[in-house]
Each structure stands twice: as structure tokens, then as C-alpha cells.
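The residues making up each chain are set out below.
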Amino acid sequence: MNPPPADLAIQIRKMQLEDLDRVVEIDHASFSLPWPRSSFVFELKENEASRCWVAEVVDPNGQPTLAGLLVSWLIVDELHIATIATAAEYRRHHIGRRLMVHGLSEAMQEGAVVSFLEVRRSNIAAQALYTRLGYQEDAIRPRYYQDNNEDAILMSLQPINPALFDLRG
Ligand SMILES: CC(C)(COP(=O)(O)OP(=O)(O)OC[C@H]1O[C@@H](n2cnc3c(N)ncnc32)[C@H](O)[C@@H]1OP(=O)(O)O)[C@@H](O)C(=O)NCCC(=O)NCCS
């Protein structure tokens, strides 16, 4: 597939059940332990804490292509990042950042003041994304991931800093 143009038009909207074929496709291509489709259905239909977003790349004809996803959980004043992925062919175009900033911004408006996540020790790309947004490493959870016994790094953003919204572009 050809690389996407540098100046992509990106829009963020709520995830819908109709998105799940593409969402599951991206998730399965992105993770060694992907979520089953039923987990996304649960998030959309049953989990009241869930805040699910997708990013679309819009071509010059106005045609959208789903290129990224974010699932987060708003628990009182905490936003937990459950999963985030950008389709491989659209990475490094600030889609992940846009999803994170949008999710954090919307959660702030609902009362979130802190955010938590965990990331594999080897996942340098994701750690760089989170660090750019102000997340800091809090602790290591040894051998957390079941497929390869990899450590999890626990990170937090506290407080959620509105200055990160400058990164929206
Ligand atoms: C992590 C992931 C979501 C990032 O998505 P993305 O849309 O490519 O990220 P962005 O373009 O928004 O990157 C934002 C910033 O993060 C950092 N970053 C992202 N990917 C990076 C990489 N491969 N190497 C180094 N830094 C990276 C950079 O600081 C980047 O800003 P810059 O391009 O201006 O330097 C994507 O790589 C992915 O889907 N990976 C597989 C799934 C995954 O690991 N999810 C996270 C689980 S914790």
C-alpha cells in the first residue's frame, strides 16, 4: 500500500457497532494479544464507563477511512486508557496523539483529573507517544503480559494538563 500523504485530514468521532469489522482488523494487526470482537461489543453496548473513539482519515472527496481506535474507561475522576492503535499504514501522522488528546479532553469535561495506562516495556513507540503528552512512569509490574512474560510499565498523567491540547494538530 502507498504511504499516506503528509498532511492528512483527520477527524475523531465516537466508535459505533458498524465500525467493528475495521476496528477488530486494526486491533488484531496491532497486538499479540488482541481483543476478541465480543470485548468491543461489550464496551459499546454494556460498559457505561467506556469511552470509545475512532479516528478517520478523510480523502479529498470527503471519503473517510477508519485509521485508529481508542478505548478508555472513565471511573470517577480517572481516565484509564484500555487500548489504542493506529493502522500500520497510517502511523506517524499524529493519529494516536489526536485520539489521546481528544479522549483526554472529552474526559476532562466529564470530570477526569488523572489518567492511567500500562504499556509493554518493549513498546518504545507507545511510550514516546505517552511521554510527549506528559505521562510519567510510576511503577513496573513484572511479567504482566501472559504471552511473553514481558513487564508492564505503569504510567500516569496527573493532573491532566490542558496544555497538551496545543498538540491537537
Ligand atoms: C503507539 C501507536 C498507537 C502510535 O500511533 P501513531 O498514530 O503512529 O502515533 P503519532 O503519529 O500520533 O505519534 C505521536 C508521537 O509519539 C511518538 N512516536 C510515535 N510512534 C513512534 C515511533 N515508532 N518511534 C518513536 N516515537 C514515536 C513521537 O513522539 C510522535 O510525535 P512525532 O511524530 O511528532 O515525533 C502506534 O504505533 C500503534 O498502533 N502501535 C501498535 C499498538 C500499540 O502498541 N498500542 C499501544 C499499546 S500501550
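Please read all numbers here as calculations on a predicted model, not as lab measurements.

(A) Representation of the UniProt feature "domain: N-acetyltransferase" (unreviewed entry) in the chain within the structure. Sites flagged by UniProt as "domain: N-acetyltransferase" (unreviewed entry) map to residues 10–160. Between the end C-alpha atoms of residues 10–160 there is a gap of 23 Å, over a span that is 29% helix and 36% strand.

(B) Fine view of the layout of surface pockets. Its boundaries defined by the atoms lining it, the largest pocket holds a volume of some 1400 Å³. If you trace the largest pocket, you find 42 residues lining it, with Phe31, Ile84, Asn123, Ala126 and Tyr130 closest to the centre. Breaking the lining of the largest pocket down by element, the ones donating at least two residues are helix 1 (20–30), strand 4 (78–86), helix 3 (95–109), strand 5 (114–120), helix 4 (124–132), strand 6 (136–141) and strand 7 (152–157). When residues in the lining of the largest pocket are grouped by element, the largest group, seven residues, is from strand 4. Its residues assigned to classes, the lining of the largest pocket comprises 23 nonpolar, ten polar and nine charged.

(C) Just the nonpolar core, in detail. With 45 residues, the main nonpolar core has Met15, Phe40, Tyr130 and Tyr135 as its most contacted residues. If near-sequence neighbours (up to four positions away) are discounted, tyrosine 135 is found in contact with Ile81, Met100, Leu104, Ser115, Leu117, Tyr130, Met155, Ser156 and Leu157.

(D) How the structure looks around the site of the ligand. In the vicinity of the ligand there are 21 residues, among which Ile84, His94, Gly96, Arg97 and Asn123 approach most closely. With respect to the ligand, the side chain of arginine 91 contributes an N or O atom lying 3.4 Å from an oxygen atom. Considering the ligand on its own, with 910 Å² of exposed area, one finds that the protein chains cover 80% of that surface. In a pocket analysis with a 2 Å cut-off to the grid points, the ligand is assigned to the largest pocket. Secondary-structure elements contributing two or more residues to the shell around the ligand are strand 4, helix 3, strand 5 and helix 4. Considering each element in turn, the shell around the ligand owes the most residues, six residues, to helix 4.

(E) Examining the side chain of serine 156 more closely. Relative to the helices and strands, serine 156 resides in strand 7. The buried category is assigned to serine 156, whose relative accessible area is 4%. Within the structure, the side chain of serine 156 is placed 2.9 Å from the side chain of glutamine 158, a separation counted as a polar contact. In this structure serine 156 touches Ser115, Phe116, Gly134, Tyr135, Gln136 and Asp138, once residues within four positions along its chain are discounted.

(F) Structural detail: the packing of helix 3 against helix 4. In the contact formed by helix 3 and helix 4, the axes pass within 10 Å of each other and the chain directions differ by 45 degrees. Taken as axis vectors, helix 3 and helix 4 run oblique relative to one another. Relative to helix 4, helix 3 is oriented so that their crossing is right-handed. Residues Gly96, Arg97 and Met100 of helix 3 pack against Leu129, Tyr130 and Arg132 of helix 4. Within the contact of helix 3 with helix 4, the residues separate by chemical class into three nonpolar, one polar and two charged.

What counts and what doesn't
- Residues numbered from 1 in each chain as written.
- Predicted model: local features only at pLDDT ≥ 70, side-chain atom pairs only at ≥ 80, totals over all residues.
- Heavy atoms only, no water.
- UniProt positions renumbered as here; feature names shortened; annotations may be inferred.
- Helix = DSSP H or I, 4+ residues; strand = E, 2+ residues; numbered from the N terminus.
- 1 Å grid on protein atoms, 1.4 Å probe; cavity = no way out; pocket = protein on both sides within 12 Å on 5 of 7 lines; lining within 4 Å.
- Points joined across faces, edges and corners; volume = space filled by probe spheres on them.
- Nonpolar A, V, L, I, M, F, W, Y, C, P; charged D, E, K, R; others polar.
- Core = buried A, V, L, I, M, F, W, Y, C linked by side-chain atoms within 4.5 Å.
- Buried < 20%, exposed > 50% of the residue type's maximum accessible area, 1.4 Å probe, protein only.
- Contact = heavy atoms within 4.5 Å.
- Near = heavy atom within 4 Å.
- Polar contact = N/O pair within 3.5 Å; in protein donor to acceptor, adjacent residues only side chain to side chain.
- Areas by Shrake-Rupley, 256 points an atom, 1.4 Å probe, with all protein chains shown as cover.
- Sits in = over half its atoms within 2 Å of the grid points.
- Axes fitted to C-alpha atoms, helices over the stretch in contact; angles between N-to-C directions.
- Parallel < 35°, antiparallel > 145°, perpendicular 65-115°, else oblique.
- Left-handed = near helix turned anticlockwise from the far one by under 90°.

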